[in-house]
Amino acid sequence: MSEKIIAGNWKMNKNRNEALDLVSSVLQDLPDTSTKVIFAPPYLYLEEVARMCADFSNVKVAAQNCSHFDKGAYTGEISAQMIASVNADMVIIGHSERREYFGEEELILSEKVNKALKYNLQPIYCVGESLDQRKAEEHFDIIENQIAKALFHLDEENMKKVVIAYEPVWAIGTGETATPEQAQKIHAFIRKLLTDQYGEEIAKSISILYGGSCKPANAQGLFAQQDIDGGLIGGASLVAEDFVKLIEMRS
């Protein structure tokens, strides 16, 4: 059975004091739940946030990206090994902003997935289509390509460690949201891809998150869908009250 997950991707937001205050506020009001809660702060705060969360068994810490190199002369890069060394648990890979602004494609993302798993980091692998691709009715082909090329080289044991996040690119940062029915249709499609490749048991064990402007006002309908296991939350994760509310709604 797949885990319920609420993950907060802070992107490039919060200075150090703001970051620690946000984590403290969420932890203080954290409901009694088995839902996995994930903080994904900027790299600078990973170690401190991990330390704050150490006593909470269901709270994990994720980096927002990692290099596809282990080490070397790659100025400004952060390796999976470095991330693991500060007690982070997970790493987001393939977010649409990395694809759009930094030109990351499946060949590189596949290597990033490999590096994350090599150092015992759980990947949160993001997929999704642009508005033009949806209008052209290419969205199913786009998502299948993104998943197959970056993940289907994995054996069953490693695939079970991956979390997938569906993020309709047209709904990120725009205030637009896929309807629950639109989101469920894509999530069910992803589950079918996983079933065809790895079998039903493994497909049902993999958490698939929705990641397009999910907030308390629209989360109830999304979380009620059969194949939506939680959310990769952007703006709402920067407000403690909203993030806690989403955790409560997914519990």
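It should be noted that the structure appears before, not after, this text.
Residues numbered from 1 in each chain as written. Predicted model: local features only at pLDDT ≥ 70, side-chain atom pairs only at ≥ 80, totals over all residues. Heavy atoms only, no water.

A. Inspection of the environment of Ala-236 at higher detail. Mapped onto the elements, Ala-236 comes out in the loop between β8 (230-233) and α12 (240-250). The residues touching Ala-236, leaving out its near neighbours within four places in the chain, are Cys-214, Lys-215, Pro-216, Asp-242, Phe-243 and Leu-246. (Helix = DSSP H or I, 4+ residues; strand = E, 2+ residues; numbered from the N terminus. Contact = heavy atoms within 4.5 Å.)

B. Structural view of helix α2 (residues 46-53). Every buried residue belonging to α2 is among Leu-46, Val-49, Ala-50 and Cys-53, and all of these are buried. The arc that holds every buried residue of α2, seen down its axis, measures 100°, which confines them to one face. Looking at the buried residues of α2, the elements they touch are α1 (16-28), β2 (36-40), β3 (59-63) and α3 (80-85). (Buried < 20%, exposed > 50% of the residue type's maximum accessible area, 1.4 Å probe, protein only. Arc of directions from axis to C-beta.)

C. Structural detail: the nonpolar core. Core analysis: the largest hydrophobic core is formed by 69 residues, its most contacted members being Phe-39, Leu-151, Ile-164 and Ile-190. Discounting chain neighbours no more than four positions away, the residues touching Phe-39 are Gly-8, Trp-10, Val-23, Val-26, Leu-27, Val-49, Cys-53, Val-59, Lys-60, Val-61, Ala-62 and Phe-243. Among the nonpolar cores identified, the runner-up in size contains 13 residues, and Ala-40, Ala-62, Met-90 and Cys-126 belong to it. (Core = buried A, V, L, I, M, F, W, Y, C linked by side-chain atoms within 4.5 Å.)

D. The sheet that holds β8, seen in detail. Read around the barrel, eight strands follow the order β1-β2-β3-β4-β5-β6-β7-β8 and close on themselves; strand pairing throughout is parallel. Each strand axis lies, on average, 25° off the axis of its neighbour in the sheet, ignoring direction. As paired elements, strand β5 (residues 122-127) and strand β6 (residues 163-166) share four bridges and run parallel to each other. Each bridged residue has a counterpart across the sheet, and for Cys-126 the counterpart in β6 is Ala-165. On top of the sheet, α2 reaches β2 and β3; it is set at about 170° to β3, its chief contact. (Pairing = 2+ DSSP bridges. Axes fitted to C-alpha atoms, helices over the stretch in contact; angles between N-to-C directions.)

E. View of the layout of surface pockets. Size it by volume and the largest pocket reaches roughly 540 Å³. Lining of the largest pocket is provided by 21 residues; of these, Lys-11, Met-12, Tyr-43, Gln-64 and Arg-98 occupy positions nearest its centre. A total of four residues in the lining of the largest pocket trace back to one element, the largest contributor, which is helix α4 (residues 96-102). The residue inventory of the lining of the largest pocket, partitioned by class, reads nine nonpolar, seven polar and five charged. (1 Å grid on protein atoms, 1.4 Å probe; cavity = no way out; pocket = protein on both sides within 12 Å on 5 of 7 lines; lining within 4 Å. Points joined across faces, edges and corners; volume = space filled by probe spheres on them. Nonpolar A, V, L, I, M, F, W, Y, C, P; charged D, E, K, R; others polar.)

Distances and angles like these do not, on their own, reveal function.
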